[in-house]
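The chain contents come next:
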Amino acid sequence: MSQETLGYVKLEWTCPRCGGRNPGTEKSCLSCGALQPQDVQFEQTEGAQASQDEALKAVAEAGPDIHCPFCGTRNPATATVCSQCGGDLKEGARREAGKVVGAYKTGPAKQVPCPNCGSMNPETALRCAQCGASMARQPQAPAAPAAAPIAAKPGWVTYAILAVVILCVLAGAAFMISRLTAREEFTGVVQNVAWQTSVAIQELGPVQHRDWEDQIPQEAQIGDCSDQVRSVQNSEPVGQNYNKICGTPYTVDTGSGVGKVVQDCQFEVLAPYCEYTLQEWRVVSQAVESGNNFSPVFAQPQLAGNQRLGEQNTSYVIIFQTDQGQYEYSVNSLEEFQQFQPDSRWILILNGFNQIVGLEPAR
Ligand SMILES: [Zn+2]
Ligand SMILES: [Zn+2]
Ligand SMILES: [Zn+2]
């Protein structure tokens, strides 16, 4: 995130002794003269407008004020001796800085009634223009409590269900293993053999794609393009189109009585994203042949001018007859296939799922 400064606002503090409201830049209460204690925080004045005023900026940028270690008086960041008692400020405590005092609200200041005489004053006023009484702080809308997800504690029912599920999974796994490792042997006779070949027919034609303009192959035909977000970065992009996305402005306590109004921004870098067309080979059909001998052949289809042959595949299946019925077995090579002459006898090794897992010639 890049942080942007929108301006500076005077903060305020409330006197703990008399309740009077005071501008942030005042070190002592305008109503009763009490010093601002170190633990009394600055607050945002509702409706106060951010300004580019150089004097305010200088106060804010000087850094947090220092409280005198001897008399407690607030002194500006640049002071070395206390304006009140002349004490050395080297050991003084700096005010906290960097805390967010609230979201910054723009717009015209609301009018609120004086608690003493009832005359209307802007909400930014600390004192009534009519009678001089301290204006009460407007009650802050309580922050909506974050909806805390109510994490239900797993009860015994949950554990019981979990236990049953685990038992079922274990039982299932044990069953599978016993079936896969079970072995049974039968004698079978080769009743038939079958092969099937296929050859893909490919066709050259236009295929639609989409990509960033600078990723598109040169030979492509480019169609419609539109700017889309390609990346998000914290610094302002140079020489590229971008969207600037900023969060809600907020006010930060600088420890000086002047708040800094800032917002966090990011930059969405835009780039043209385009449709394009390429001429590509695609499979449009398969030419299939089959037979029941040991001489598989491939189909030789008639090709159009924009067609060619693609990948070839062959499958070999042997069908055995046993006392328990028929069994099928697949092999991968012609060499293996050719061993299974019709009427030859074999010992079939089966697993618990009645699948052939091994074969031996029978004597
Ligand atoms: Zn006071
Ligand atoms: Zn002092
Ligand atoms: Zn009044």
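From a predicted model like this one, the values you see are computed outputs, not experimental measurements.

A. Examining the environment of cysteine 18 more closely. Residue position: cysteine 18 is located in the loop between strand E1 (2-14) and strand E2 (21-23). A C-alpha to C-alpha distance of 8.6 Å links cysteine 18 and cysteine 29, two positions eleven residues apart in sequence. In this view, cysteine 18 contacts Cys29, Ser31 and Cys32; residues no more than four positions away in its chain are not counted.

B. Quick peek at the coordination of the zinc ion (ligand 1). For the zinc ion (ligand 1), every protein donor is listed as Cys15 (SG), Cys18 (SG), Cys29 (SG) and Cys32 (SG), and the spread of their distances is 2.2 to 2.4 Å. Around the zinc ion (ligand 1), the four donor atoms are arranged such that angles at the metal cover 102 to 120 degrees; this shape is classified as tetrahedral. Sequence positions of the residues that donate to the zinc ion (ligand 1) give the spacing C-x2-C-x10-C-x2-C.

C. Region of interest: the coordination of the zinc ion (ligand 3). Listed as protein donors to the zinc ion (ligand 3) are Cys114 (SG), Cys117 (SG), Cys128 (SG) and Cys131 (SG); their distances from the metal cover 2.2 to 2.4 Å. Donor residues binding the zinc ion (ligand 3) come from one chain and are separated in sequence as C-x2-C-x10-C-x2-C. Of this pair, cysteine 114 sits in the loop between strand E8 (111-113) and strand E9 (120-122) while cysteine 128 sits in the loop between E9 and helix H2 (156-181), placing them 14 residues apart in sequence. Take cysteine 114 and cysteine 128: they sit in the same class, and that class is buried.

D. Main features of the nonpolar core. In terms of nonpolar packing, the biggest core is built from 17 residues, with Ile318, Phe320 and Phe337 touching the most fellow members. Core analysis: the next-biggest nonpolar cluster, separate from the first, contains eleven residues, Cys29, Ala48, Tyr104 and Val261 among them.

E. Highlighting the state of the cysteines. Considering all chains together, one arrives at two disulfides under this definition. Paired through a disulfide, cysteine 225 and cysteine 274 show a sulfur-sulfur distance of 2.1 Å. Handedness here is read from the sign of the S-S torsion; for cysteine 225 and cysteine 274, about 110 degrees, the answer is right-handed. On the criterion of sequence distance, the pair formed by cysteine 225 in strand E11 (residues 221-233) and cysteine 274 in strand E14 (residues 258-291) is long-range, its members being 49 residues apart. In this model cysteine 246 forms its disulfide with cysteine 265; the gap between the sulfur atoms is 2.1 Å. On the sign convention where negative means left-handed, the S-S torsion of about 110 degrees between cysteine 246 and cysteine 265 marks this disulfide as right-handed. With cysteine 246 in strand E12 (residues 242-246) and cysteine 265 in strand E14, this pair connects stretches of sequence that are 19 residues apart. Relative accessible area serves as the criterion here: at 33%, cysteine 246 is assigned to the partly exposed category.

Basis of the calculations
Residues numbered from 1 in each chain as written. Chains lettered and ligands numbered in written order. Predicted model: local features only at pLDDT ≥ 70, side-chain atom pairs only at ≥ 80, totals over all residues. Heavy atoms only, no water. Helix = DSSP H or I, 4+ residues; strand = E, 2+ residues; numbered from the N terminus. Contact = heavy atoms within 4.5 Å. Donors = N, O, S within 2.8 Å, 3.2 Å for Na, K, Ca; no water. Tetrahedral: all angles 85-135°; square planar, octahedral: opposite > 155°, others 65-115°. Buried < 20%, exposed > 50% of the residue type's maximum accessible area, 1.4 Å probe, protein only. Core = buried A, V, L, I, M, F, W, Y, C linked by side-chain atoms within 4.5 Å. Disulfide = S-S within 2.5 Å.

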